[in-house]
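Analysis of the macromolecular model
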Amino acid sequence: MNNKLTDAIKHLIIINVILFVAPQLLKLDFTNILALHFPENEHFGIWQYVTHMFMHGSFAHILFNMYGLWAFGTPLEQMWGRNKFLFFYFSAGLGAGIIYTFVNYYQFNGIYEQILNSGLSASDIQRILTTGQYNNSIIQLPAETMNKFYSLYHTPAVGASGAIYGVLVAFGIYFKDAKLALIFFPVPIAAKYFIPVMILGDLFFGMTKYSIGNVAHFAHIGGALIGFIIAWYWKKNQFKTS
């Protein structure tokens, strides 16, 4: 396998770069249209499960994602071919978005029920979500909980990270002895150890309050899960003939 830029990955990178650079040059904001919003949010659209994969929040965000797509996706596309790779990539990305939404919905509804039990009506809660203001003498929940409630409703998800995690897991399944290294831990580690540690880290940060920055950890886990299922099935059945 060589590192020559393959057809599907080349076009995915081009589209991602265009949708990152063009809005900045044209002074346009496509976030409300293309980023993945919470289903109850007025800006939500079903197409966002696809389009959010082509949106990025910063230069570092798109740089690391596109590097991961090239580094780990290239041998997979060379092995599978363009169409099979694209099916895999979008399946992992869609799965990431759906699982991310499911987890957010579960967390949102849990807080929603607590607020309802405080005696507020659905319209009162919608007013809180619209204005971000509430009476803390009535809603006796920690400010951190209320901030999370507001954030779940209003903060959209962007980035190809979920699909990239699927690609990363597939790479680990097919090339488990390949040596990988983190920037902040530059000691090469076999993919079969490296990748599970990364996913466990996302699970830890997603389930605790120790997350650094605004990272959609459950999108990463969702993409990794769907990627694992598909890649494991394909590898298990690759030598079977009808």
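Going by the structure above, here's the rest.
Residues numbered from 1 in each chain as written. Predicted model: local features only at pLDDT ≥ 70, side-chain atom pairs only at ≥ 80, totals over all residues. Heavy atoms only, no water.

**Comments concerning the overall build of the protein**
Each helix and strand counted, the protein has 10 helices and 2 strands in total. Element order for the protein, N to C, with α for helix and β for strand: α-α-α-α-α-α-α-α-β-β-α-α. Counting over 242 residues, the protein shows a buried share of 40%. Partitioning the intrachain contacts of the protein with sequence separation of at least 6 by distance along the chain shows that 70% fall at a separation of at least 24. (Helix = DSSP H or I, 4+ residues; strand = E, 2+ residues; numbered from the N terminus. Buried < 20%, exposed > 50% of the residue type's maximum accessible area, 1.4 Å probe, protein only. Contact = heavy atoms within 4.5 Å.)

**Quick look at helix 4 (residues 59-80)**
Counted at 1.5 Å a residue, the expected span for helix 4 with its 22 residues is 32 Å, and the 30 Å between its end C-alpha atoms agrees. The largest bend in helix 4 amounts to roughly 45° and is located at Gly 73, with the proline Pro 75 lying one to four residues further along. Immediately beyond the C-terminal end of helix 4, within one or two residues, lies Gly 81, with a positive phi of roughly 95°. (Expected span 1.5 Å × (residues − 1). Bend = angle between axes of the 7 residues up to and from the residue.)

**Looking at the layout of surface pockets**
Each pocket or cavity is described by its volume, and for the second largest pocket that value is around 240 Å³. Forming the walls of the second largest pocket are 12 residues, and the residues nearest its centre are Val 169, Ile 195, Pro 196, Ile 199 and Phe 228. Breaking the lining of the second largest pocket down by element, the ones donating at least two residues are helix 8 (161-174), helix 9 (191-207) and helix 10 (217-237). Taken together, the residues of the lining of the second largest pocket break down into 10 nonpolar, 1 polar and 1 charged. (1 Å grid on protein atoms, 1.4 Å probe; cavity = no way out; pocket = protein on both sides within 12 Å on 5 of 7 lines; lining within 4 Å. Points joined across faces, edges and corners; volume = space filled by probe spheres on them. Nonpolar A, V, L, I, M, F, W, Y, C, P; charged D, E, K, R; others polar.)

**Regarding the nonpolar core**
Among the nonpolar cores identified, the biggest contains 34 residues, and Leu 69, Trp 80, Phe 85, Phe 88 and Tyr 89 are the most heavily contacted of them. When residues of this core are traced back to their parent elements, those giving at least two are helix 1 (7-26), helix 4, helix 5 (82-116), helix 8, helix 9 and helix 10. The element best represented in this core is helix 8, accounting for 10 residues. When sequence neighbours within four positions are dropped, the list of residues in contact with Tyr 89 reads Leu 12, Leu 69, Ala 160, Ala 163, Ile 164 and Val 167. Counting residues in hydrophobic clusters, the runner-up holds 14 residues, among them Phe 38, Leu 129, Ile 139 and Leu 152. (Core = buried A, V, L, I, M, F, W, Y, C linked by side-chain atoms within 4.5 Å.)

**Describing the pattern of salt bridges**
Overall, the coordinates contain 2 salt bridges when judged by the stated rule. Between Asp 7 and Arg 82 there is a salt bridge, with the nearest N and O atoms lying 3.3 Å from each other. Residue Asp 7 is located in helix 1, and its partner Arg 82 is located in helix 5; the two are separated by 75 residues in the primary sequence. Residues Asp 124 and Arg 127 are paired through a salt bridge, measuring 3.0 Å at the closest nitrogen-oxygen approach. Of the two residues, Asp 124 and Arg 127 are both situated in helix 6 (residues 122-131); the distance of 3 residues between them amounts to about one turn of the helix. Residue Arg 127 is classed as partly exposed on the basis of its relative accessible area, which comes to 47%. (Salt bridge = Lys/Arg side-chain N within 4 Å of Asp/Glu carboxyl O.)

**Digging into a nonpolar patch on the surface**
A cluster of nonpolar side chains, Val 17, Val 21, Leu 25, Leu 26 and Leu 28, forms an exposed patch at the surface whose accessible area comes to about 450 Å². Relative to the helices and strands, Val 17 resides in helix 1. Judged by its relative accessible area of 37%, Val 17 is partly exposed. (Patch = residues over 30% accessible without salt bridge, like charges linked within 9 Å, V, L, I, M, F, W, Y side chains within 5 Å. Areas by Shrake-Rupley, 256 points an atom, 1.4 Å probe, with all protein chains shown as cover.)

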